Amino acid sequence: MKQISSIQNPYIKSLVLLQDKAKNRKQTGTFIIEGKREIEIAIKGGYTIQTVLFYPEICTEIEAKKVIKSVDFIEINKEVFQKLAYRDTTEGILAIAETKSMQLSDLKLSDNPLILIAEAPEKPGNIGALLRTADAANLDAVIIANPKSDLYNPNIVRSSVGCLFTNQIATGTTAEIINYLKGKNINFYCATLQNSTSYHTQDYTTPTALVVGTEATGLTQEWRDAATQNIIIPMQGEIDSMNVSVAAAILIFEAKRQRGF
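Residues numbered from 1 in each chain as written. Predicted model: local features only at pLDDT ≥ 70, side-chain atom pairs only at ≥ 80, totals over all residues. Heavy atoms only, no water.

Taken residue by residue, a regular strand's side chains alternate between the two faces of the sheet. Of all six residues in strand β3 (residues 49–54), five are buried, a share of seventy percent or more. The sheet contact formed by β3 and strand β5 (residues 93–98) spans five bridges and is antiparallel. Bridging across to β5, F54 finds its partner in I93. As paired strands, β3 and strand β4 (residues 72–76) are joined by four bridges and run parallel to one another. Along β4, the bridge assignment pairs F54 with E75. Between the parallel elements β3 and β4, the chain passes through helix α4 (residues 61–67) in a crossover that is right-handed. (Buried < 20%, exposed > 50% of the residue type's maximum accessible area, 1.4 Å probe, protein only. Helix = DSSP H or I, 4+ residues; strand = E, 2+ residues; numbered from the N terminus. Pairing = 2+ DSSP bridges. Right-handed = clockwise from strand over helix to strand, strands pointing away.)

This is the structure we're talking about:
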């Protein structure tokens, strides 16, 4: 079995770049997953694992091979592990995985889909929370319009707690996504302050997409003009917006309630 004990090793240097640079993830079509549970969820979600690195003082070879078999294994020391690990509680194991296509055309929807769309979310924590909510509700898909972040950013992988791998995810421009929804006869309801009606008055029992924007600027005019209906969550306090993941959860579970789940 191969062993690497130097952070100056060319392969380790390439992995550091993979953690730090979206350009390198895009060029190689790979990214890093940390932790046993996350790796297991990625495998279940159909991701291809190329290589596993393990630090034997935390995760033995036997334990690593319980997570996955039939891939290349590399034993690393503490210094290399600490250089690559993005968080302290990584359980001594990392995997190099292949990215997936996130084209709208790749989505496989049910006959009566429920979809979450987020326009230009930036904060990894918010994206992770949106993906966790989508997983909890077993949505058909999550679509990111005009993405500002690489979804294989280690902060997003971490904050999603593996839900990056459990959801169907696609990205596209606002225009592409609107055309996609209209082509599939999917109604879409945009959470916005302007020209809106209360969210609970709408019917989400037919093919539906729920669209949320950023807390700072909300949804762009293009979404508001094209919406089946603009909707609002009534608020009784002093502010007129809430965290995007919280707002999305309220809308999603109202739709689930209406659908009897």
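This brings us to the packing of aromatic side chains. As enumerated under the stated definition, the model contains eight aromatic pairs in all. Aromatic side chains F31 and Y47 sit 5.9 Å apart centroid to centroid with 75° between the ring planes, which places their arrangement in the edge-to-face category. Of the two residues, F31 sits in strand β2 (residues 30–34) while Y47 sits in the loop between α3 (36–44) and β3, which places them 16 residues apart along the sequence. The pair F31 / Y47 is uniform in exposure class, with both members buried. With a centroid separation of 5.1 Å and an interplanar angle of 70°, the aromatic rings of Y47 and F165 are classed as edge-to-face. One end of the pair, Y47, is in the loop between α3 and β3; the other, F165, is in helix α8 (residues 163–166), and 118 residues separate them in sequence. Take F165: its relative accessible area is 4%, and that puts it in the buried class. An aromatic cluster of three or more residues is present, and its members are F31, Y47, Y152 and F165. Its guanidinium or amino end placed over the ring of F73, K65 lies 5.4 Å from that ring's centre, counting from NZ or CZ. Positioned above the aromatic ring of Y47, the side-chain terminus of K100 is 4.6 Å from the ring centre. (Phe/Tyr/Trp six-rings, centres within 6.5 Å; stacked < 30°, edge-to-face > 60°. Lys NZ or Arg CZ within 6 Å of the ring centre and 35° of its normal.)

In short, shape yes, function no, at least from these values alone.
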